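Architecture and fold: a report
Residue-level listing of the chains:
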Amino acid sequence: MHHLRDSLLGSLPRDASSIGDHDRRDQESTRQSIARGEFKEVRGVAFSNRTWIVTSRYCDIGDGVDSLEGSIHSLWYMYYELGRNISSESPEHEAGDMTEFWLNHGASMSGTHRLNFATFLAKLASTRVAKDRLCQIALLIFRNLFESPQALRSGEESDEENQNRGIKQLEIFHLLPAAIAWLNIAGDNLILLSDVYWNDCPSNIGRGGEGFLESDLGQRSPTGFSPWRYMFWLKRLHEIQEEAKQANENALEELATDGIEYMVDKVKDRNAEVLRAYKNGGDALHQDKYLVCLKPLALGEESES
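Residues numbered from 1 in each chain as written. Predicted model: local features only at pLDDT ≥ 70, side-chain atom pairs only at ≥ 80, totals over all residues. Heavy atoms only, no water.

Description of helix 3 (residues 69–85)
Taking 1.5 Å per residue, 17 residues should reach 24 Å; helix 3 reaches 24 Å between its end C-alpha atoms and fits that length. For helix 3, the full list of buried residues reads Glu69, Ser71, Ser74, Leu75, Tyr77, Met78, Glu81 and Leu82. (Helix = DSSP H or I, 4+ residues; strand = E, 2+ residues; numbered from the N terminus. Expected span 1.5 Å × (residues − 1). Buried < 20%, exposed > 50% of the residue type's maximum accessible area, 1.4 Å probe, protein only.)

Have a look at this one:
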């Protein structure tokens, strides 16, 4: 679990002069297919062939990253050609497929693969591609983690790949690393979308979880992102942090502490709408011990040391 807190470092791309004859032929084949308008075929090869090769050889056989470099660069080149040739108005540029991948495969992945995938998605979302629609994946993660009934269980339990595990079977130790990756990498986007009450996603994705909807904050909030929902996530992180400390789950406590820091820092940096919502939220909100960290920011005071 401790290793899940570390950022994943990829190999630096090699100089273009190191591209071999096989790579050049592969790129030329891709260019010719694109020139013929075979976008669907190239996309199919990228996902069904190249991605499968990399996944199978890395996960099942145990090949190292260096030995997979050719297939990875081939995959990148296909998406590069698709990205620059498909019209910006085309549905092919939308983020729906990535959301489906998370819905269909996020639960069954191993903990390491789930974190890898969440980190990749958060990095894409941080660039604000697809009109911020990738951030709907954060809504799914946060709803399952923060807004659904969850009991804290040991992070030492197995989180290996399990094809029979569904999204409703994911627990705190399954999802917390992925959530913290999103808060760390795409936190600027998440606070911005909360500020503007972003809800450009299907209702089944934007809706709140049971715990959120029954809360005072949830009853004030529309679907999608909102300042009220952001505060609820922050409150739940404090609760998880406290529960993890009491249970001596140090890795989970550290992750929750990191998440709290990321969220509060973004609120402070942006002077976010969250602060105005908190300031005008009433006495009950101001007395919530898990949200007291917002009080000095909302009143324009210096943070307590």
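What about helix 1 (residues 21–35)?
Its 15 residues place the ends of helix 1 21 Å apart at the C-alpha level, agreeing with the 21 Å of an ideal helix rising 1.5 Å per residue. Among the residues of helix 1, Asp26, Gln27, Thr30, Ser33 and Ile34 are the ones counted as buried. Down the axis of helix 1, the sector holding all buried residues measures 120°, keeping them to one side. Relative to its buried face, helix 1 has exposed residues pointing more than 90 degrees away, namely Asp21, Arg25 and Ala35. Of the residues flanking the end of helix 1, it is Gly37, one or two places downstream, whose phi is positive at about 80°. (Arc of directions from axis to C-beta.)

Digging into unusual backbone geometry
The phi dihedral of Asp132 is positive, around 70°, even though this residue is not glycine. Inspection of the secondary structure puts Asp132 in the loop between helix 5 (111–126) and helix 6 (136–146). Its relative accessible area of 7% is what places Asp132 among the buried residues.

A look at the pattern of salt bridges
Across all of its chains, the model carries 15 salt bridges by this definition. As a salt-bridge pair, Arg31 and Glu28 come within 2.8 Å of each other at their nearest N and O atoms. Taken as a pair, Arg31 and Glu28 lie in helix 1 at a separation of three residues, close to a single helical turn. Overall, the relative accessible area of 32% leaves Arg31 in the partly exposed class. A salt bridge links Asp188 to Lys266, with the nearest nitrogen and oxygen atoms 3.2 Å apart. Of this pair, Asp188 sits in helix 8 (residues 187–195) while Lys266 is found in helix 13 (residues 250–270), placing the two residues 78 residues apart along the sequence. Residue classification places Asp188 among the partly exposed residues on the basis of a relative accessible area of 46%. Residue classification places Lys266 among the buried residues on the basis of a relative accessible area of 19%. The network of salt bridges with shared partners includes Lys235, Arg236, Glu239 and Asp288. (Salt bridge = Lys/Arg side-chain N within 4 Å of Asp/Glu carboxyl O.)

Some remarks on the packing of aromatic side chains
What the rule picks out here adds up to six aromatic pairs. Chaining the aromatic ring pairs together yields one cluster made of Phe142, Phe146, Trp198, Phe225 and Trp233. (Phe/Tyr/Trp six-rings, centres within 6.5 Å; stacked < 30°, edge-to-face > 60°.)

Some points on the confidence of the model for the protein chain
For the protein chain, per-residue confidence averages 84 on the pLDDT scale, and 85% of positions sit at 70 or higher. Below pLDDT 50 for its whole length, residues 1–18 participates in 22 contacts with residues either more than four positions away or in separate chains. The low-confidence segment residues 301–305 (pLDDT under 50) makes five contacts with residues lying over four places distant or belonging to another chain. (pLDDT = per-residue confidence, 0-100. Contact = heavy atoms within 4.5 Å.)

What to know about the environment of Leu68
Along the chain, Leu68 falls in the loop between helix 2 (39–61) and helix 3. A relative accessible area of 2% places Leu68 in the buried class. In this structure the C-alpha to C-alpha distance between Leu68 and Ile53, which are 15 residues apart in sequence, comes to 8.6 Å.

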